[in-house]
2 protein chains.
Amino acid sequence: MAKTNKTKYALLGVLSLMSGSGYDIKKFCDSSISHFWNENYGHIYPVLQKMEQEELITKQVEQTEGRPSKNVYSITEKGRKQLEEWLMLPVEPEPFRSELLLKIFWSANIPVENIIEKFQQIKKESEETLSRYLEFENLIKTKNENASKKILVLWLTTLNYGKHSAEAKLKWCEETLKNLEEIKDL
Amino acid sequence: MAKTNKTKYALLGVLSLMSGSGYDIKKFCDSSISHFWNENYGHIYPVLQKMEQEELITKQVEQTEGRPSKNVYSITEKGRKQLEEWLMLPVEPEPFRSELLLKIFWSANIPVENIIEKFQQIKKESEETLSRYLEFENLIKTKNENASKKILVLWLTTLNYGKHSAEAKLKWCEETLKNLEEIKDL
DNA sequence: GTATCCATGTAACCAGTTACATGATTGC
DNA sequence: GCAATCATGTAACTGGTTACATGGATAC
């Protein structure tokens, strides 16, 4: 069984909230789900075309004065149904691949100082990530006061995942740095 | 800049510990780094061939009675050097994509009961993952008593990452379940 | 006699990234 | 005058997965 194309559902998700062009969709993604999902034009445009053929979305060309013409896509009933079917399905376990852990695992011959540097860097990045999440949380809470409680809970849940995993990473770095300092002088 | 082929380094890593065939390498991966890295034959064999051409590894054909012939690969000096160069480099931030979070984000029209079920399942999986890590930790500690302290620390560090993130996921599930129960009857 | 292990490989395919190409408008 | 924004797309490429093909040996 071939891997299902999840980009399709990401785009359908955006179009279930609003009609828009590939460009609009990309912007929306960047400002809302970028902490766990990214898309790039080179993929968005062909997938939109394919979805139009499958009648999951429809296209309307919009001409504005002195602007490049815009292909505005809207989700169809069929599209909405397919999205919901997918959403109802249980989540498949996602294979996890980490370059970081791979490097650590094979670092027996690398100077401990180099490994320590790496962990200091990762620790710093985790701290930054964490504070970005906290900021973003406030933004969501204040900007969406009139959104439904359910949507708010769902959106905060995705954020909360980020917070928990950044915190976990941070703790891991601290523990590891302690362990590495211990073996530094052996 | 094209994405660098990390499978190459995974295979070089294994071959830096031991010479072996594609089959051996796969077995090793499955039993040691499978909690953060996976490889499959369809990728291993062609990459091994390519690496041989680049002189990072050498091949020796081994014939045993009543066995399929075996291509035993060994790492060369050049291969060892390339591996170490890569290991010394700082870790690039890894783009993160989560189908789970994508589904949650778009679940505004999905019954809360369905979402709750998903989280119960994920919680269960996290608990299982966590206990597998704990078992594996004991295994590593007892089985590698005579390994160098450094290697032990490195290996346990990769495991520890898994433990921390499984714990974080568990906590996240519990919090989310509480939140979902609250909005269930709205 | 059946399932699993040992062992290697290819072909088809899909997802996703990067670079390239174009060009007008708006804001500084 | 320059950078950024708006806007769409294609081509080349890479990485990775799955399915297919083969076949003897061993363990139950």
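Provided above is the structure to which this section pertains.
Residues numbered from 1 in each chain as written. Chains lettered and ligands numbered in written order. Predicted model: local features only at pLDDT ≥ 70, side-chain atom pairs only at ≥ 80, totals over all residues. Heavy atoms only, no water.

(A) Fine view of helix 6 (residues 112-143) of chain A. Over its 32 residues, helix 6 of chain A runs 46 Å from end to end, which matches the ideal 46 Å to within 8%, given 1.5 Å per residue. Turning to helix 6 of chain A, its buried residues number three or more, namely Val112(A), Asn114(A), Ile115(A), Ile116(A), Lys118(A), Phe119(A), Ile122(A), Ser126(A), Leu130(A), Tyr133(A), Glu137(A) and Ile140(A). Buried positions along helix 6 of chain A lie against helix 5 (99-105) and helix 7 (149-184) of chain A together with helix 4 (77-88) and helix 7 (149-184) of chain B. (Helix = DSSP H or I, 4+ residues; strand = E, 2+ residues; numbered from the N terminus. Expected span 1.5 Å × (residues − 1). Buried < 20%, exposed > 50% of the residue type's maximum accessible area, 1.4 Å probe, protein only. Contact = heavy atoms within 4.5 Å.)

(B) Structural view of the interface of chain B and chain A. With 67 residues of chain B at the interface, the matching set in chain A holds 67 residues. Counting each side, the surface lost to burial between chain B and chain A is near 7,100 Å², with a carbon and sulfur contribution of 68%. Together, Arg97(B), Phe105(B) and Trp106(B) form the three largest contributors to the area buried by chain B at its contact with chain A, with a combined 12%. Taken together, the links from chain B to chain A amount to four salt bridges. The tally of links from chain B across to chain A stands at 35 residue pairs in polar contact (both at pLDDT 80 or more). Residue assignment for the side of chain B that touches chain A shows that the elements contributing at least two residues are helix 1 (6-17), helix 2 (22-32), helix 4, helix 5 (99-105), helix 6 (112-143) and helix 7 of chain B. Considering each element in turn, the side of chain B that touches chain A owes the most residues, 20 residues, to helix 7 of chain B. (Buried area = accessible area lost by both parts, 1.4 Å probe. Salt bridge = Lys/Arg side-chain N within 4 Å of Asp/Glu carboxyl O. Polar contact = N/O pair within 3.5 Å; in protein donor to acceptor, adjacent residues only side chain to side chain.)

(C) Seen up close, the nonpolar core. Counting 53 residues, the largest nonpolar core has Leu102(A), Phe119(A), Trp172(A), Leu180(A), Leu12(B), Leu48(B) and Met51(B) as its most contacted members. Ranked by the residues each element gives to this core, the list is headed by helix 7 of chain B, at nine residues. Sequence-distant contacts of Leu12(B), that is, excluding residues within four places in its chain, are made with Met51(B), Leu56(B), Ile57(B), Ile75(B), Gly79(B) and Leu83(B). (Core = buried A, V, L, I, M, F, W, Y, C linked by side-chain atoms within 4.5 Å.)

(D) Representation of a nonpolar patch on the surface in the model. All names here are of chain A. A cluster of nonpolar side chains, Tyr23, Tyr41 and Tyr45, forms an exposed patch at the surface whose accessible area comes to about 300 Å². You can see Tyr45 is positioned in helix 3 (residues 41-53). Given a relative accessible area of 37%, Tyr45 falls into the partly exposed group. (Patch = residues over 30% accessible without salt bridge, like charges linked within 9 Å, V, L, I, M, F, W, Y side chains within 5 Å. Areas by Shrake-Rupley, 256 points an atom, 1.4 Å probe, with all protein chains shown as cover.)

(E) Summary view of empty space enclosed by the protein. Per the counting criterion, the structure on display carries two cavities of 30 Å³ or more. Its boundaries defined by the atoms lining it, the largest cavity holds a volume of some 40 Å³. As for the largest cavity, its lining consists of Leu100(B), Lys103(B), Ile104(B), Ser107(B), Ile115(B), Lys118(B) and Phe119(B). Every element with two or more residues in the lining of the largest cavity is listed here: helix 5 and helix 6 of chain B. Of the residues belonging to the lining of the largest cavity, the class tally is four nonpolar, one polar and two charged. Of the pockets and cavities examined, the second largest cavity occupies roughly 30 Å³. In terms of lining residues, the second largest cavity is bounded by Lys103(A), Ile104(A), Ser107(A), Ile115(A), Lys118(A) and Phe119(A). For the lining of the second largest cavity, the elements supplying multiple residues, two or more each, are helix 5 and helix 6 of chain A. (1 Å grid on protein atoms, 1.4 Å probe; cavity = no way out; pocket = protein on both sides within 12 Å on 5 of 7 lines; lining within 4 Å. Points joined across faces, edges and corners; volume = space filled by probe spheres on them. Nonpolar A, V, L, I, M, F, W, Y, C, P; charged D, E, K, R; others polar.)

(F) Broad picture of a negative patch on the surface. A surface patch of like charges, here negative, comprises Glu127(A), Glu128(A), Glu174(A), Glu175(A) and Glu167(B). Listing elements by their share of the negative patch, those giving two or more residues are helix 6 and helix 7 of chain A. You can see Glu174(A) is positioned in helix 7. Under the relative-accessibility criterion, Glu174(A) is labelled partly exposed at 38%. (Lys, Arg positive; Asp, Glu negative; His and termini not counted. Charge placed at Lys NZ, Arg CZ, Asp CG, Glu CD.)

(G) Representation of the packing of helix 1 (residues 6-17) of chain A against helix 3 of chain A. All names here are of chain A. It is at 10 Å that the axes of helix 1 and helix 3 come closest, and there the two elements cross at 80°. Taken together, the axis directions place helix 1 and helix 3 in an arrangement best described as roughly perpendicular. Contacts from Thr7, Lys8, Leu11, Leu12 and Leu15 in helix 1 reach His43, Ile44, Val47, Leu48 and Met51 in helix 3. Split into classes, the residues belonging to the contact of helix 1 with helix 3 amount to seven nonpolar, two polar and one charged. (Axes fitted to C-alpha atoms, helices over the stretch in contact; angles between N-to-C directions. Parallel < 35°, antiparallel > 145°, perpendicular 65-115°, else oblique.)

Read these as layout, nothing more, since geometry by itself doesn't imply function.
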